[in-house]
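# Report on the structure
What follows is each chain in one-letter form.
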Amino acid sequence: MECLAIEGGHRLTGSVRVHGAKNAALPILAASVLAHGESILEDVPDLQDIRVMLTILSQLGANVEREGSAVRVDATQLRSTVVPEHLMRQMRSSIFLMGPILARYGQVRVSAPGGCSIGSRPIDLHLKGLQALGAVIEEKHGFIDCTAKGLRGANIYLDLPSVGATENLIMAAVFAEGTTVIGNAAREPEIVDLANYLNAMGAKIRGAGEATVVIEGVERLEAKRYRIIPDRIVTGTLMLAAAVTQGDVTLNNTNATHLGAVINKLRETGVRIDIEGDAMHVKSDGQIRPLDHIRTDYYPGFPTDLQSPFMALLTRASGSSMITESVFEGRYKHVSELRRMGAKVKVDLRTAFIEGVPELTGAVVEATDLRAGAALILAGLAAKGTTCVEHLHHIDRGYERVEELFGSLGAKMQRVKKESRT
Ligand SMILES: CC(=O)N[C@H]1[C@@H](OP(=O)(O)OP(=O)(O)OC[C@H]2O[C@@H](n3ccc(=O)[nH]c3=O)[C@H](O)[C@@H]2O)O[C@H](CO)[C@@H](O)[C@@H]1O
Ligand SMILES: C=C(OP(=O)(O)O)C(=O)O
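Worth saying up front: this structure is predicted, and the values here are computed from it rather than measured.

### With respect to the environment of Thr237
- Mapped onto the secondary structure, Thr237 falls in helix 8 (residues 232-244).
- Overall, Thr237 belongs to the buried group, with 27 C-beta atoms counted inside 10 Å.
- Taking the C-alpha atoms as reference points, Thr237 and Arg295, separated by 58 residues in sequence, lie 17 Å from one another.
- Sequence-distant contacts of Thr237, defined by excluding residues within four places in its chain, comprise Pro309 and Ala374.

### Thoughts on the site of ligand 2
- Around ligand 2 sit Asn23, Met91, Arg92, Ser93, Gly115, Cys116, Ile118, Asp305, Leu370, Arg371 and Gly398, and that is every residue in its neighbourhood.
- Here the shell around ligand 2 is built from residues that sort into 4 nonpolar, 4 polar and 3 charged.
- No fewer than three residues from each of domain 1 (2-19 + 230-417) and domain 2 (22-227) sit in the shell around ligand 2.

### Things to note about the confidence of the model for the protein chain
- Per-residue confidence for the protein chain gives a mean pLDDT of 97, with 99% of residues at or over 70.
- Confidence estimates for the predicted assembly give a pTM of 0.98 and an ipTM of 0.99.

### Examining the pairing of strand 18 (residues 279-283)
- Here strand 18 shows a buried face lined by Met280 and Val282 and an unburied face lined by Ala279, His281 and Lys283.
- The pairing of strand 16 (residues 248-252) with strand 18 spans 4 bridges and is antiparallel. Across the sheet, Leu251 pairs through a bridge with Met280, a residue of strand 18.
- For strand 17 (residues 272-276) and strand 18, the ladder comprises 5 bridges, and the chain directions are antiparallel. Across the sheet, the residue bridging to Asp274 is His281, located in strand 18.

### Points about the packing of helix 10 (residues 307-314) against helix 12 (residues 370-382)
- Contact geometry of helix 10 with helix 12 gives a least axis separation of 7 Å together with a crossing angle of 20°. The orientation of helix 10 relative to helix 12 falls into the category roughly parallel. Helix 10 and helix 12 meet at a crossing whose hand is right-handed. Residue-level inspection shows Ser308, Pro309, Met311, Ala312 and Leu313 of helix 10 in contact with helix 12, the latter providing Arg371, Ala372, Ala374, Ala375, Leu378 and Ala379.

### Overview of the site of ligand 1
- Contacts to ligand 1 come from 23 residues, most closely from Asn23, Leu125, Ser162, Val163 and Gly164.
- In this structure, the shell around ligand 1 is formed jointly by two domains, domain 1 (2-19 + 230-417) and domain 2 (22-227), each of which donates at least three residues.

### Overview of the UniProt feature "modified residue: 2-(S-cysteinyl)pyruvic acid O-phosphothioketal" (unreviewed entry) in the protein chain
- In this numbering, the UniProt entry assigns the feature "modified residue: 2-(S-cysteinyl)pyruvic acid O-phosphothioketal" (unreviewed entry) to Cys116.
- Following the sequence through the fold, Cys116 ends up in the loop between strand 7 (107-111) and helix 5 (124-132).
- Cys116 sits in the buried class, given 22 other C-beta atoms within 10 Å.
- Discounting chain neighbours no more than four positions away, the residues touching Cys116 are Asp369 and Leu370.

### Considering the pairing of strand 8 (residues 136-140)
- Burial of strand 8 is sparse: only 0 of the 5 residues sit out of reach of the surface.
- Hairpin connection from strand 8 to strand 9 (residues 143-147): 2 residues lie between these consecutive antiparallel strands, with His141 at a positive phi of about 50°.

Definitions and cut-offs
Residues numbered from 1 in each chain as written. Chains lettered and ligands numbered in written order. Predicted model: local features only at pLDDT ≥ 70, side-chain atom pairs only at ≥ 80, totals over all residues. Helix = DSSP H or I, 4+ residues; strand = E, 2+ residues; numbered from the N terminus. Buried ≥ 20, exposed ≤ 12 C-beta atoms within 10 Å, placed from the backbone. Contact = placed C-beta atoms within 7 Å. Near = placed C-beta within 6 Å. Nonpolar A, V, L, I, M, F, W, Y, C, P; charged D, E, K, R; others polar. Domains from an automatic or database assignment. pLDDT = per-residue confidence, 0-100. Pairing = 2+ DSSP bridges. Axes fitted to C-alpha atoms, helices over the stretch in contact; angles between N-to-C directions. Parallel < 35°, antiparallel > 145°, perpendicular 65-115°, else oblique. Left-handed = near helix turned anticlockwise from the far one by under 90°. UniProt positions renumbered as here; feature names shortened; annotations may be inferred.

Dropping the structure here:
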């Protein structure tokens, strides 16, 4: 088994460029299925989930090629509309293919998607929205067969502002006859990025980033060159890494407007953050002030994906803090691992009570999901001694060459092979 061995106690300094956003690149790659010609997508991070998406696209018949951080995709004509089950299971984002393949070919077969174990994560809103557009859905033997003889625009109201459902339905509605209105839509920056890519190719989408998105159906999209936005969750993780190590770092290729809630909370802990164009300077003098309450929420609220990394910082605060996880019911799996390192955290249903401790100590810990892994890296950077983070495949889903990313700021971490524990 491979683990990430982190030697704690080193202050992070220097600068690093943040890579493109996984959560924008994945739906955008799926959306390439809608276009005629070759899209050139720039700043597509080289991550496990992206590799799975590229494999699916190429197995369905698209021509896919990576050149550095750019990916060329030509999905003008797919030869299959069946997403292989073993690939569906590898990540949540495989579900993004449902909307665009259905829109383009009038049929698609998927199965339940895999992904991080952070809650039940149903796809009912995706399916209900597609039905409203005229799709017929049959669920049998673990497969979901979706067919439509031409989708029609509809008024759809989402019970929850689901990011994935909003994206899937935008893609499905691009060729629907007439107008589609999605109410209570999610407003995440990745949705705006997807809509910008689609509009650049000829789609007519208004209101992305707002609670009501309006899509006028068009007949054809022409592939385009497009650059993916910076990853706000990687940016936030690196900001927290600077804070927890009393560091002084510059992050390039960032968008501070996507991180308003996080910047606000970090400043409350005493961290200094200066923004200059797309660069962010983050400096901490060591004293971490506790916070009354962080409550995760849909954008522009505090992102659930940074809940666990922020908790890692608060384990070192000079007092008690409280976090409520309101988006995913099972997103506290990092807590037991942080406790192995000396953290004092109690969980009552969806609320965690964190009592800051003067010191964390290195331990063997397990990344139970992607951001739980990020939290353990941050704790390891701050801890006394060596921390071994196991189950690195989760971390490789979201942080490109993680040891180099943090290593370029002076972190001491390396992948090591070790005997599996019995
Ligand atoms: C690839 C990607 O972009 N992943 C992000 C996306 O995930 P994802 O798109 O899966 O998250 P959603 O916004 O859909 O989920 C939000 C909430 O809605 C619920 N729900 C969702 C769909 C549905 O059909 N029914 C339903 O009940 C979920 O269980 C969850 O409680 O947004 C999450 C919330 O910001 C982030 O943590 C993920 O990093
Ligand atoms: C939960 C996440 O991703 P996914 O939705 O792909 O599982 C994440 O990026 O933190």
